[in-house]
Amino acid sequence: METSLAPRSLGRPGLGSDVRAFLAVVRREWTIFRRYPSWIIALFIWPLIFPMLYILTARALAGPDGSGLAIFMEMTGASDFIGYIVIGTTVWMWQNIVLWDIGFALRNEQMRGTLESNWLSPTWKFSYLLGPTGPQIVSMSMFIGITALEFGLMFGVRLNGSVWMILLMMLAAIPSIYGLGFAFASLIITVKEANAFVFLVRGLVMIFCGITFPISLLPGWMQSIAKWLPQTYLIHGMRAAAFSKAGIAELLPDLIPLLLFGAFWLVVGYSAFLWMERRARRTGAIGQY
Amino acid sequence: MSEFAIEARQLVKKFPARAGTGDKNGTPAPPRQRWSFARKEPKTTFTAVNGVDLQIERGEIFGLLGPNGAGKSTTIRMLCTLLEPTSGTAQVNGFDIVKQANDVRRSLGTVLAGERSIYWKLTGRENLEYFAALYHIPPAVAKKRVEELIERMEIKDRANELVEKYSTGMRQRIAIAKALLARPPILLLDEPTLGLDPQAARRVRELVAELKREGHTILLTTHYMEEADQLSDRIGIIDTGKVIALDTPEGLKRRIDQQEVIRLELTGWHDEIADKLKSISGIEHITTRQQGEADLWEVSLHAQNSRAALPRIVEHISGNGTRLVNMNVVKPSLEDVFIHLTGKALRD
């Protein structure tokens with residue numbers, strides 16, 4: 001056989017190549033996202049529907065003269081009950097969408113049949129999970145921005161606090177919200193179906209983190225559980241940032257736990273991914289539907 | 001560096017057997033120590049690949065043939081690092097498939113069976129640009145290479161259309177272009193012509209022959225005997241997870257050149273006739289294939305001496321509602337070799 005003819009690979013490994021591969025995953029995800037027009041509905045309609053359920057319920061329960069709302073606002077310290085509810089439901093929707101989008105990122109690739117062809121390349125495998133996170137954060141930022149715009153224009157919700165402090169709280173929450181998504185993505189590739197887990201986590205957030213009520217209403221044991229959920233600190237911190245003049249110092253009791261939870265969930269998410277990758281090579285799970 | 005492009009020694013892959021599947025190759029695993037913290041072993045395992053040895057030379061086309069479930073795809077998946085072997089070793093381009101998996105991936109271009117290995121919501125060009133980045137091809141080189149492959153695969157006019165609008169043949173060409181992007185020395189092609197129309201399949205076969213001339217080593221699995229015969233320098237026949245024969249196509253055919261193949265076309269075939277034909281001295285294998293929906297059957301019989309066997313064959317198939325339509329004696333093909341070795345047709 002003639003070995004002199006053997007072609008030489010054009011691939012040039014290195015950090016720069018891995019960064020370009022990661023950016024290619026981001027670009028691919030963004031391009032595909034834009035080609036499904038249903039995202040317009042998700043961006044403009046969904047931010048209104050879910051909070052409306054609670055806003056209308058609150059109005060109905062407030063009584064004909066609305067006196068219940070005054071009691072509610074006195075108890076929560078909020079100047080605007082709609083804003084109070086919208087912040088809670090938006091955090092819930094953020095976590096929920098991340099669990100579906102990032103949690104199912106690899107599973108969707110698997111069902112599409114493209115996961116194996118990605119896995120065959122010499123690229124750092126975590127890029128396939130990290131890549132979709134970029135477009136997801138962009139679309140989520142648009143989602144939250146449109147939520148603020150819609151409730152500002154249609155319901156007259158006004159912020160007394162600082163937009164920058166709200167953004168700071170959201171930034172601090174990214175590692176824990178997405179770290180949980182990474183752990184989910186690895187779990188889903190392993191067990192194939194994880195709807196029950198998603199329902200469980202979002203149910204926990206809904207009940208324990210006080211998306212529409214102060215957690216001081218919960219019994220003591222439930223408040224203890226709430227302290228172990230990062231969304232509790234995010235919701236509390238965002239409300240403080242939105243409806244008071246709280247600065248960084250006042251937000252630190254929420255910021256520090258959020259960052260600690262973030263570090264924890266990123267380590268858990270990455271470890272789960274490495275475990276899944278090793279397991280998949282042993283069992284062939286990457287190619288199994 | 002290994003002198004072989006691909007070298008596998010005693011590759012074994014076992015999977016946990018699924019409950020209720022009743023795998024005939026299922027073997028019980030040894031019992032676990034009661035208080036052991038060792039990894040939990042499954043109660044039964046299914047052995048998909050059972051000690052495969054392969055030595056594929058640089059620059060050759062090696063055909064891997066086997067019926068469904070024989071272990072072809074599992075072998076390919078181990079060689080391309082998607083699966084870790086349970087035991088045994090393999091080297092691809094001199095790199096160990098477990099310890100140097102990324103070097104193996106850089107040495108390989110793989111086309112897996114099925115047409116969904118590319119993104120249908122991206123254009124052909126976007127797919128190639130994306131995979132070029134994954135294979136670490138520098139941007140300037142990638143741009144040129146993508147154009148070159150678009151030209152070569154004859155999709156220039158439709159390169160900017162979404163893949164979902166392509167025909168199966170065009171999608172397969174994109175999948176092959178994807179495998180060629182990094183110009184890897186070794187190509188693994190798993191059923192590259194599966195589901196293609198005859199013209200598209202012919203084009204893929206021509207392409208495979210061209211790639212060999214360019215110096216690529218190609219490991220090809222296929223269901224089509226003629227394809228394997230036409231393209232392969234050597235062929236390995238795999239059955240129940242083992243390579244049961246390995247030779248050039250001509251060498252394989254010589255193994256049964258003492259035999260003749262009697263092909264019959266008849267109507268009214270039934271199992272009773274098969275039993276009668278099997279009882280004829282010198283008849284070794286019988287395979288049947290129904291032709292279309294009609295009651296027309298092609299029956300192949302491997303015989304040591306067709307002259308001696310023919311009168312008894314005619315005697316057994318006469319009457320009982322069976323009608324002989326056509327009969328001839330032919331030289332054994334690769335498919336006949338396969339039937340001789342495995343006792344079943346490739347599509348079984």
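Only a predicted model underlies this, so the values are computations on that prediction, with no experimental measurement involved. (Residues numbered from 1 in each chain as written. Chains lettered and ligands numbered in written order. Predicted model: local features only at pLDDT ≥ 70, side-chain atom pairs only at ≥ 80, totals over all residues.)

1. Details of the overall build of chain B
In step 1: Across its full length, chain B carries 11 helices and 15 strands.
In step 2: Of all 348 residues assigned to chain B, the portion counted as buried reaches 44%.
In step 3: Considering only contacts within chain B whose residues lie at least 6 apart along the sequence, 72% involve residues at least 24 apart. (Helix = DSSP H or I, 4+ residues; strand = E, 2+ residues; numbered from the N terminus. Buried ≥ 20, exposed ≤ 12 C-beta atoms within 10 Å, placed from the backbone. Contact = placed C-beta atoms within 7 Å.)

2. A look at the overall build of chain A
In step 1: Within chain A, the secondary structure is distributed over 13 helices and 0 strands.
In step 2: When the helices and strands of chain A are read in sequence order from the N terminus, they spell out α-α-α-α-α-α-α-α-α-α-α-α-α.
In step 3: Projected onto its principal axes, the C-alpha positions of chain A cover 90 × 40 × 35 Å.
In step 4: Looking at chain A as a whole, 42% of its 289 residues are labelled buried.
In step 5: For chain A, contacts bridging at least 24 residues in sequence account for 81% of all contacts bridging at least 6.

3. A look at the interface of chain B and chain A
In step 1: Taken together, the 39 residues of chain B in the interface contact 36 residues of chain A.
In step 2: Counting only elements with at least two residues in the side of chain B that touches chain A, the list comes to helix H2 (101-107), helix H3 (124-134) and helix H4 (139-152) of chain B.
In step 3: Grouping the constituent residues of the side of chain B that touches chain A by class yields 17 nonpolar, 9 polar and 13 charged. (Nonpolar A, V, L, I, M, F, W, Y, C, P; charged D, E, K, R; others polar.)

4. What about the nonpolar core?
In step 1: Core analysis: the biggest nonpolar cluster contains 147 residues, and Met169 of chain A together with Leu181 of chain B have the highest contact counts within it.
In step 2: With 10 residues, the next largest nonpolar core counts Ile262, Leu264, Ile273 and Ala309 of chain B among its residues. (Core = buried A, V, L, I, M, F, W, Y, C linked by C-beta atoms within 7 Å.)

5. Some words on the sheet that holds strand E10 (residues 234-239) of chain B
Residues and elements named next belong to chain B.
In step 1: Strand order in the open sheet formed by 6 strands is E7-E8-E9-E4-E10-E11, with mixed pairing between adjacent strands. Of all the strands in the sheet, just strand E7 (108-111) and strand E11 (242-247) have a single pairing partner and so form its edges. Across the sheet, the mean angle from the axis of one strand to that of its neighbour is 15 degrees, orientation sign disregarded.
In step 2: With respect to the sheet, helix H6 (residues 198-213) is in contact with strand E4 (61-65), strand E8 (186-190) and strand E9 (217-221), its orientation differing from that of E9 by roughly 150 degrees.
In step 3: The sheet contacts of helix H11 (residues 334-342) involve E4, E10 and E11, and relative to E10 the element is tilted by about 35 degrees. (Pairing = 2+ DSSP bridges. Axes fitted to C-alpha atoms, helices over the stretch in contact; angles between N-to-C directions.)

6. Overview of the sheet that holds strand E12 (residues 260-267) of chain B
One key point about sheets: their strands pair by backbone hydrogen bonds, in either a parallel or an antiparallel sense.
Residues and elements named next belong to chain B.
In step 1: Strand order in the open sheet made by the 4 strands is E13-E14-E12-E15, with antiparallel pairing throughout. In this open sheet, the two strands that pair with only one neighbour each are strand E13 (283-290) and strand E15 (323-330). Strand-to-strand twist in this sheet, taken as the mean axis angle between neighbours without regard to direction, amounts to 20 degrees.
In step 2: The sheet contact formed by E12 and strand E14 (residues 296-303) spans 8 bridges and is antiparallel. Within E14, the position partnered with threonine 267 by the bridge is leucine 296.

7. So, the environment of glycine 134 of chain A
In step 1: Assignment of secondary structure puts glycine 134 of chain A in helix H8 (residues 127-155).
In step 2: Linking glycine 134 of chain A and alanine 242 of chain A, residues 108 residues apart in sequence, is a C-alpha distance of 25 Å.

8. Side note on helix H5 (residues 81-101) of chain A
In step 1: When the terminal C-alpha atoms of H5 of chain A are compared, their 30 Å separation across 21 residues agrees well with the 30 Å that a helix rising 1.5 Å per residue should span.
In step 2: Here H5 of chain A lies mainly inside the structure; 19 of its 21 residues are buried. (Expected span 1.5 Å × (residues − 1).)

9. Thoughts on the pairing of E7 of chain B
Residues and elements named next belong to chain B.
In step 1: Here E7 shows two buried faces, one formed by Leu108 and Thr110 and the other by Gly109 and Val111.
In step 2: Pairing analysis gives 4 bridges linking E7 to E8, with the strands arranged parallel. Within E8, the position partnered with leucine 108 by the bridge is isoleucine 186.

10. Overview of the domain arrangement of chain B
In step 1: On domain assignment, one finds that chain B holds domain 1 (4-249) and domain 2 (258-330).
In step 2: Between the C-alpha centres of domain 1 of chain B and domain 2 of chain B there is a distance of 38 Å. (Domains from an automatic or database assignment.)

11. Thoughts on the pairing of E10 of chain B
All names here are of chain B.
In step 1: With 5 of 6 residues buried, E10 is to be regarded as a mostly interior element.
In step 2: Pairing between E4 and E10: 4 bridges, direction parallel. Bridge pairing in E10 places leucine 65 opposite isoleucine 237.
In step 3: With 5 bridges connecting them, E10 and E11 associate as antiparallel partners. Residue pairing for E11: isoleucine 238 is matched across the bridge by valine 243.
In step 4: The hairpin formed by E10 and E11 contains 2 residues between the paired strands, and threonine 240 there has a positive phi angle of roughly 40 degrees.

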